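# A look at the structure
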Amino acid sequence: ASPKFLLGESYGGVRAAGLSDHLQSRYGMSLNGVIMLSTLLDFRTIQTNQGDNLSYSVYLPAFTGTALHHGKIKGDKQKLIADSTRFAFSEYSAALLEGTSLDPASATKIADQLASYTGIAADVWLAHDLRMSPFVFRVELLRKERKVIGRFDSRVAWDNADLSAAYAEQDPSYALAYGAFSTAMLDYLGRDLGWKEDQPYEILTSKVQPWNWNSDNEILNLSGKLSEAIKDNPHLKVLVMGGHTDLATPPEGMAYSIRHMLDLPAPLRKNFEFTSYDAGHMFYLNPPDLVKCRADLVKFIQAP
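Residues numbered from 1 in each chain as written. Predicted model: local features only at pLDDT ≥ 70, side-chain atom pairs only at ≥ 80, totals over all residues. Heavy atoms only, no water.

## What to know about the overall build of the protein
Counting its regular elements, the protein contains 10 helices and 6 strands. For the protein, the C-alpha radius of gyration of 21 Å lies close to 19 Å, the compact-globule estimate for 304 residues. Judged by the C-alpha coordinates and their principal axes, the protein covers about 60 × 50 × 40 Å. A total of 304 residues make up the protein; the buried ones form 46% of that total. (Helix = DSSP H or I, 4+ residues; strand = E, 2+ residues; numbered from the N terminus. Rg over C-alpha atoms; globule rule 2.2 N^0.38 Å. Buried < 20%, exposed > 50% of the residue type's maximum accessible area, 1.4 Å probe, protein only.)

Here it is, written out as structure tokens:
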């Protein structure tokens, strides 16, 4: 009879979405809330595929937040990101859909707008056919400063020796966190728990692959599972937490998936609550965001 909440972080979000439906349909366990922290529901929102332009629109608002942090563009953060989002899913997405049919004048106009939202010159956007992956963006934004920015947190920028690099091969924001997490975990196991461990503590590893999605689709999408869970349990609330400088799972990916839950009745769309942070994927590593994160979680869990 206790309240039950489930939190999924990063790729764990698809597990949280799947479990929210599975626990109810298989075990009769109705959740009070699901927390989606720096995550996604549809892998199509972050993967680039031939003829599929969705990810370019999804990433653009995160590019804007990043460019603003590094001083490449100026203005009010909330307004700039909101304007960038509207542009991403209107003129920009329409232009991408035209493919090679887009005329040069229209392409130049779109490139100029992209430059205003990202701080990357229009001619660079044109050279990339108006399509820029986050791996390219991470070397282009501060190329003149000889720096590469992070994937998990694009506020982090380190010196880049290879100025000719076409895309980012290293992630300085991961390098910052890796040692701290690994050391702290091994210290906790040995000092606090008295557990002798000779194996390295794996932060990221390919040993968990290949993942069994239990799905016939080539690209996994758990939006339908979360939608079904809410329809079956109208009291189920969802808190979506995202960082403005997350180039791993940008917040707009979740927003896009939720907007396209067309089978969810209008009154139940109010079950979603969104909150944002200045930092990236692990935004709680930024002290001010950690304070806000805790306050947001407490408020969500304690709500009637």
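What follows continues from the structure just given.
## Considering the packing of helix 3 (residues 77–98) against helix 4 (residues 104–118)
Following both chains from N to C, one finds helix 3 and helix 4 inclined at 160°, their axes separated by 11 Å at the closest point. The pairing of helix 3 with helix 4 is recorded here as roughly antiparallel in orientation. When you trace helix 3 past helix 4, the crossing you get is left-handed. Contact with helix 3, carried on its side by L80, D83, S84, F87, E91, Y92 and A95, involves I110, Q113, L114 and Y117 of helix 4 and no other residues of that element. (Axes fitted to C-alpha atoms, helices over the stretch in contact; angles between N-to-C directions. Parallel < 35°, antiparallel > 145°, perpendicular 65-115°, else oblique. Left-handed = near helix turned anticlockwise from the far one by under 90°. Contact = heavy atoms within 4.5 Å.)

## Describing the environment of S10
With respect to the element layout, S10 can be found in the loop between strand 1 (5–9) and helix 1 (12–27). Residues S10 and H281, 271 residues apart in the sequence, show an inter-C-alpha distance of 7.7 Å. Not counting chain neighbours up to four residues away, the residues in contact with S10 comprise L37, S38, T39, L40 and H281. At a separation of 2.9 Å, a polar atom in the side chain of S10 contacts the side chain of H281. (Polar contact = N/O pair within 3.5 Å; in protein donor to acceptor, adjacent residues only side chain to side chain.)

## Describing a nonpolar patch on the surface
On the surface, Y188, L193 and W195 cluster together to form a nonpolar patch covering roughly 350 Å² of accessible area. Turning to its location among the elements, L193 is positioned in the loop between helix 7 (172–192) and helix 8 (223–232). (Patch = residues over 30% accessible without salt bridge, like charges linked within 9 Å, V, L, I, M, F, W, Y side chains within 5 Å. Areas by Shrake-Rupley, 256 points an atom, 1.4 Å probe, with all protein chains shown as cover. Salt bridge = Lys/Arg side-chain N within 4 Å of Asp/Glu carboxyl O.)

## Let's talk about the packing of aromatic side chains
By the definition in use, this model includes 11 aromatic pairs. Taking 3.9 Å as the distance between ring centres and 10° as the angle between the ring planes, the aromatic pair formed by F63 and F137 counts as stacked. Of the two residues, F63 is situated in helix 2 (residues 54–69) and F137 in helix 6 (residues 134–140); the sequence distance between them amounts to 74 residues. Judged on exposure class, the residue F63 and its partner F137 are both buried. Where F89 meets Y256, the ring centres are 5.9 Å apart and the plane angle is 20°; that geometry is what we call stacked. Residue F89 is found in helix 3, and its partner Y256 is found in helix 9 (residues 251–259); the two are separated by 167 residues along the sequence. With a relative accessible area of 26%, F89 lands in the partly exposed category. Of the residues examined, Y256 reaches a relative accessible area of 14% and is grouped as buried. (Phe/Tyr/Trp six-rings, centres within 6.5 Å; stacked < 30°, edge-to-face > 60°.)

## A word on the pairing of strand 2 (residues 33–37)
Of all the 5 residues making up strand 2, 5 are buried; the element is thus mostly covered by neighbouring parts of the structure. Handedness of the strand 1-helix 1-strand 2 crossover: right-handed. Where strand 2 lies against strand 5 (residues 237–243), 5 bridges are found, and the strand directions are parallel. Residue pairing in the sheet places L37 in a bridge with M241 of strand 5. (Right-handed = clockwise from strand over helix to strand, strands pointing away. Pairing = 2+ DSSP bridges.)

## Side note on the nonpolar core
Ranked by size, the top nonpolar core spans 57 residues in total, and within it Y92, W125, L130 and F272 carry the most contacts. Take this core: its biggest share by element is 7 residues, from helix 2. Grouped together as the second largest cluster of nonpolar side chains are 10 residues, Y277, F283, C293 and F300 included. (Core = buried A, V, L, I, M, F, W, Y, C linked by side-chain atoms within 4.5 Å.)

## Thoughts on the pattern of salt bridges
Under the criterion given, the structure shown has 16 salt bridges. Across the pair D83 and K79 runs a salt bridge, and its minimum N-O distance is 2.7 Å. Separated by 4 residues within a single helix, D83 and K79 lie in helix 3, roughly one turn from each other. Note on D83: relative accessible area 16%, which makes it buried. On the basis of relative accessibility, which here comes to 52%, the residue K79 falls in the exposed class. Linking R155 and D153 is a salt bridge whose minimum nitrogen-to-oxygen distance equals 2.8 Å. Using a relative accessible area of 24% as the deciding quantity, one classes R155 as partly exposed. A cluster of three or more residues bridged by salt bridges with shared partners is formed by K79, D83 and R86.

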